[in-house]
Amino acid sequence: MLDTSSEALQVLLVADPGLPSRRAAAIHQRLETFLQDAYGVTTTLHTLTDTIRLTPESELDLSAVEDLRADYPDVNIVLILTEIPRHTQGDPLIAEVHSDSNLAIVSCPTLGAWSTKRRIIKALMSSINKLVPWDPEDTTRRFLLRWSDWSDNEDAQHQSLHAHTITGGPRLVMGMTMANDPWRTVPKLSGALAAASATGAFGIFYSSIWQMSTYLSTARLLSIGAAAILVMVTWLIINHKLWDEPRKDSLATVVMYYNLSTVLTLLITVLALYAGLVGLILLGGLIVIDPEFMTSQIQQKATLANYLDIAWLSAAMGVVAGGIGASFDSDLDVKRLTHGQRMRQRVYTDNHPYTDDVSQNS
């Protein structure tokens, strides 16, 4: 428990690079204010972006926290906001508190796809409340999470906050997917983007594609689009070896979450690519293809719907070609988009402090 003689509270918040770091920066001022108001003592919040490595057993190396404490000797509590999904006792683990070392760990993905500032602050405040000796004011009790319960482990100095048994898993997968930043993935697939754009552009200039899109039903066009998306996602997973296999049974559930988040991340990425292609091809078609000329080729009056059908079918062709183009993208760049690869980069090995071996399975 904390030494209360100084009647002051200094907290260090260590966040992983990426989404956790951005969230930590966004909540810094509010969290510091809430702490001050909750406990009525002088409060200082420090934030730091750093990566806590994993042991070979895929556990966070908490001994590394002592090195961070050396740089902040006056800090009372250390908080870790990590992107690593954690899973114990059959349920996703939101937070974990070690009272003996005044340490709390919050898993950002477990808070869900929309890990809002308020939700993160609630998880951090709930964790801190287990460590400080001061009773919070009534106005700050609202920060105690309602949809999860703290539980004591075998060690009285160690408490866990688990997600709901039913909703915790889906919430975790969606949180991992958002942490992968699928919206920022498309520019990194430069080979796929180039091949998809070049192939899709053919639809503007070839009248046979106009005629085919005109006579295909809406249901069949939608099916073609869905099939193209699934083909590219499958090819990306196979070609870049993105499907993880657990090294031991105890990691099977977590690795399943990794795989589900990888599939969802790629689906969102390819959907974004498809939508972008449809928009660009539609715009290009409206500029290049004269309505009267199209009418003469498809033997019916050209409408906006015809232009959209052409864009949709051409984009499907482009997405399939994009899967082939993705073969020329860097394996390392693609794999770093997934949780499984980023976790492997954290793991200590016997011969090296950590490994970037992208071929190692989780």
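Residues numbered from 1 in each chain as written. Predicted model: local features only at pLDDT ≥ 70, side-chain atom pairs only at ≥ 80, totals over all residues. Heavy atoms only, no water.

Colleague: In this structure, what is going on with unusual backbone geometry? I would like to understand it.
Modeller: The bulk of non-glycine residues show a negative phi, and the bulk of peptide bonds are trans. The backbone of Asn102 sits at a positive phi, close to 50°, despite the residue not being glycine. Within the secondary structure layout, Asn102 lies in the loop between β5 (91-98) and β6 (103-107). Owing to a relative accessible area of 14%, Asn102 belongs among the buried residues under this scheme. Phi is positive for Gln299, which is not a glycine, with a value near 60°. Turning to its location among the elements, Gln299 is positioned in the loop between α9 (291-298) and α10 (304-325). (Helix = DSSP H or I, 4+ residues; strand = E, 2+ residues; numbered from the N terminus. Buried < 20%, exposed > 50% of the residue type's maximum accessible area, 1.4 Å probe, protein only.)

Colleague: Any chance you could explain the environment of Pro73 here in plain terms?
Modeller: The residue Pro73 is located in the loop between α2 (65-71) and β3 (77-82) in this model. For the pair Pro73 and Gln10, spaced 63 residues apart in sequence, the C-alpha to C-alpha distance is 9.9 Å.

Colleague: Help me understand the pattern of salt bridges in this model?
Modeller: In a structure, side chains of opposite charge can pair up when their charged atoms sit close to one another. One pass over the full model with this rule turns up one salt bridge. Glu96 is paired through a salt bridge with Arg86; the nearest N and O atoms lie 2.7 Å apart. Of this pair, Glu96 sits in strand β5 while Arg86 sits in the loop between β3 and β4 (87-88), and the two are ten residues apart along the sequence. Among the residues examined, Glu96 registers a relative accessible area of 9% and is labelled buried. (Salt bridge = Lys/Arg side-chain N within 4 Å of Asp/Glu carboxyl O.)

Colleague: Can you walk me through helix α1 (residues 19-39) in this structure?
Modeller: Side chains three or four residues apart in an α-helix point the same way, a direct result of the helix having 3.6 residues per turn. Compared with an ideal rise of 1.5 Å per residue, which puts 21 residues at 30 Å, α1 spans 28 Å between its outermost C-alpha atoms and is within 8% of the ideal. For α1, the principal kink sits at Ile27 and spans about 50°. Within the span of α1, buried status applies to Leu19, Pro20, Ser21, Ala24, Ile27, His28, Leu31, Glu32, Phe34, Leu35, Ala38 and Tyr39. Structurally, α1 contributes buried residues whose contacts are with β1 (8-15), β2 (42-49), β3, α3 (117-129) and α4 (168-179). Two residues or fewer past α1, Gly40 is found with a positive phi of approximately 65°. (Expected span 1.5 Å × (residues − 1). Bend = angle between axes of the 7 residues up to and from the residue. Contact = heavy atoms within 4.5 Å.)

Colleague: Help me understand the packing of helix α7 (residues 218-239) against helix α8 (residues 252-288) in this model?
Modeller: For any two helices packed against each other, one specifies the inter-axial angle together with the distance between the axes. Where α7 meets α8, the axes come as close as 10 Å, and the angle between the chain directions of the two elements is 130°. In terms of orientation, α7 lies oblique with respect to α8. The crossing of α7 and α8 is right-handed. Contacts between α7 and α8 involve Gly225, Ile229, Leu230, Met232, Val233, Leu236 and Ile237 from the first element and Val263, Leu266, Leu267, Val270, Leu271, Leu273 and Tyr274 from the second. Classifying every residue of the contact of α7 with α8 by side-chain character gives 13 nonpolar, one polar and no charged. (Axes fitted to C-alpha atoms, helices over the stretch in contact; angles between N-to-C directions. Parallel < 35°, antiparallel > 145°, perpendicular 65-115°, else oblique. Left-handed = near helix turned anticlockwise from the far one by under 90°. Nonpolar A, V, L, I, M, F, W, Y, C, P; charged D, E, K, R; others polar.)

Colleague: What is the right way to look at the environment of Phe293 in this model?
Modeller: Secondary-structure assignment places Phe293 in helix α9. Judged by its relative accessible area of 44%, Phe293 falls in the partly exposed class.

Colleague: What should I look at first to understand the pairing of β2 in this one?
Modeller: Two faces make up the sheet, and in a regular strand the side chains alternate between them. Two strands pair when backbone bridges link them, and β1 and β2 are joined in this way by eight bridges, in the parallel orientation. Within the sheet, the bridge partner assigned to Val14 lies in β2 and is Leu48. The parallel pair β1 and β2 is bridged by α1, and the resulting crossover is right-handed. (Pairing = 2+ DSSP bridges. Right-handed = clockwise from strand over helix to strand, strands pointing away.)

Colleague: Sorry if this is basic, but what is going on with the nonpolar core here?
Modeller: When a protein is soluble and globular, its nonpolar side chains tend to lie buried together. Core analysis: the biggest nonpolar cluster contains 34 residues, and Leu9, Leu13, Leu31, Tyr39, Ile77, Leu79 and Leu124 have the highest contact counts within it. Looking at this core, the elements with two or more residues in it are β1, α1, β3, β5, β6 and α3. Top element by residues in this core is α1. It accounts for seven residues. If we skip the residues at most four places from it in the chain, Leu31 touches Leu13, Leu45, Ile121, Leu124 and Met125. Core analysis: the second largest hydrophobic core is formed by 30 residues, Trp210, Tyr274, Ala311 and Val319 among them. (Core = buried A, V, L, I, M, F, W, Y, C linked by side-chain atoms within 4.5 Å.)

Colleague: Teacher, can you tell me more about a nonpolar patch on the surface here?
Modeller: Taken together, Phe202, Phe205, Tyr206, Leu283, Ile287 and Val288 make up a surface patch of nonpolar side chains, about 660 Å² in accessible area. Within the residue set of the nonpolar patch, elements represented by two or more residues are α5 (190-205) and α8. Sort the elements by how many residues they give to the nonpolar patch and α8 lands first, with three residues. Here Phe202 lies in helix α5. (Patch = residues over 30% accessible without salt bridge, like charges linked within 9 Å, V, L, I, M, F, W, Y side chains within 5 Å. Areas by Shrake-Rupley, 256 points an atom, 1.4 Å probe, with all protein chains shown as cover.)

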